[in-house]
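# Notes for the structure review
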Amino acid sequence: MTLDHVYGRPKGPLPDDVAATRRLLGMTDESIRRDVGELIQWLRDQPNLPNTLDGVELDWWLENYLVMNKNDVERVKENMPVYFQLKTILPEVMTNRDPKTEKEMINAYNTTLLGLVPTIMDGGRKLAVYMHRPDTAASDYSPVGIAMHLTCLADYYLAQGIDHTRLVLVVDLGTVRLGHLARYPLGLLRRFFLYAWKAYPERVAQIHIINPPAILSVVMTMFKPLLKAKIRKRMIVHRHFETLLEHVPLKYMPKDYGGESPSLIELHETWRQKVIDHQPYFKKCSTKHRVVDK
């Protein structure tokens, strides 16, 4: 994308999955106009929040942020200030999110696989699959780079149009080692779970853990306290792959798991390229989408 490209609502009909997501949330053209209008006026009344956004039409961005917040205007008003504050709360994550030059992101891409499956499941659910790459050094793993990538994905959807109501996460722990866990900066991890999830309030329907390792209890001890109680209740550990298929139909899984979707490495590289292609916008998000110093 060029530096001066501005994202906005498509001129014609919305893409099918984007339109279906709005229907599932009970959104209509009339309700969108009403709620976005209210939010634009609310922004104008907030002295420390911007009332324009570089790189994206404000009404389109607010429409997508409304989707991300379950079509709840009051929830938007509660979470949106954190979105703008995040650049100062998490500067380690929100600065220089460039996978071609930022070492943390390069290391994250080279040591992990994270893919979002393009086909939407029933109920507007979107499948994401994550694992550590085998045969890579745990000492090269970068949780900060993963956090950078995740915020880029969220900013991408807020600009392009959100095509899902909830995420279903499949976490393959078959290759995780203690060395990976030692790489997590716990203070940053707490801030990320507390503030980034509020700034980008993606709904997580379920977290499925497959190929649980012998150190699973260590993993759970580290991450469970960071999750809200309702999310902890949605975590399911699968000792056998077949039990996962009771929740996620096989056809949606990457083909290296026996499914019909592109392989995990193909999905991973597709999303890496998207982050590269949309760099001008992500730079604007980092430098311009922030609280106004008055």
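Here we summarise the structure given alongside this text.

Parameters and conventions
- All residue numbers refer to positions counted from 1 along the written sequence of the respective chain.
- Side-chain atom pairs in this predicted model are given and counted only at pLDDT of 80 or more, local residue features only at pLDDT of at least 70, and totals for whole chains, interfaces and linings cover all residues.
- Based on all heavy atoms of the structure, the side-chain values leave hydrogens and waters out of the count.
- A 1.4 Å probe rolled over the protein chains alone gives each residue an accessible area, and that area as a share of the maximum for its type sets the label: buried under 20%, exposed over 50%, partly exposed in between.
- Secondary structure elements are taken from DSSP: a helix is a run of H or I of four residues or more, a strand is a run of E of two residues or more, and numbering for both begins at the N terminus.
- DSSP-based pairing: two strands are paired if at least 2 bridges between them are found.
- Each salt bridge in this description consists of a side-chain nitrogen of Lys or Arg and a carboxyl oxygen of Asp or Glu lying within 4 Å of one another.
- An axis is simply a line fitted to the C-alpha atoms; with a helix, the fit covers only the stretch in contact. Between two such axes, the angle follows the N-to-C directions and lies from 0 to 180 degrees.
- When describing relative orientation, an angle under 35 degrees is termed roughly parallel and one over 145 degrees roughly antiparallel, while 65 to 115 degrees is termed roughly perpendicular and anything else oblique.
- Handedness of each helix crossing follows the sense of rotation of the near helix against the far helix: counterclockwise by less than a right angle gives left-handed, clockwise gives right-handed.
- Contact between two residues is taken to exist if any of their heavy atoms lie within 4.5 Å; hydrogens are not considered.
- In this classification, the charged set is Asp, Glu, Lys and Arg, the nonpolar set is Ala, Val, Leu, Ile, Met, Phe, Trp, Tyr, Cys and Pro, and all remaining amino acids, among them Gly, are polar.

## Overview of the pairing of strand S4 (residues 204-210)
With respect to burial, S4 is a largely interior element, 7 of its 7 residues being buried. Taken together, the 6 bridges between strand S3 (residues 166-172) and S4 define a ladder with parallel strand orientation. When the bridges of S4 are listed, valine 168 appears paired with glutamine 206.

## Focus: the pattern of salt bridges
Where charged atoms from two side chains of opposite charge come close, those side chains can pair. Applying the stated criterion to the full structure yields 14 salt bridges. When the shortest N-O distance is used, the salt bridge between aspartate 35 and arginine 34 registers 3.0 Å. Owing to a relative accessible area of 52%, arginine 34 belongs among the exposed residues under this scheme. With a shortest N-O distance of 2.8 Å, glutamate 38 and lysine 77 are connected by a salt bridge. Of the two residues, glutamate 38 sits in helix H2 (residues 29-44) while lysine 77 sits in helix H4 (residues 73-89), which places them 39 residues apart along the sequence. A relative accessible area of 34% places glutamate 38 in the partly exposed class. Judged by relative accessible area, lysine 77 falls into the buried class, the value being 17%. Through salt bridges that share partners, Arg9, Arg22 and Glu63 make up one connected network.

## Comments concerning the packing of helix H6 (residues 103-111) against helix H13 (residues 264-277)
Orientation of H6 relative to H13, taken along the N-to-C sense of each, is 165°, at an axis distance of 11 Å. Between H6 and H13, the angle falls in the class roughly antiparallel. Along this stretch, H6 crosses H13, giving a crossing that reads as left-handed. On H13, the residues touching Met105, Tyr109 and Asn110 of H6 are His268, Arg272 and Val275. Residue composition of the contact of H6 with H13, by class: 3 nonpolar, 2 polar and 1 charged.

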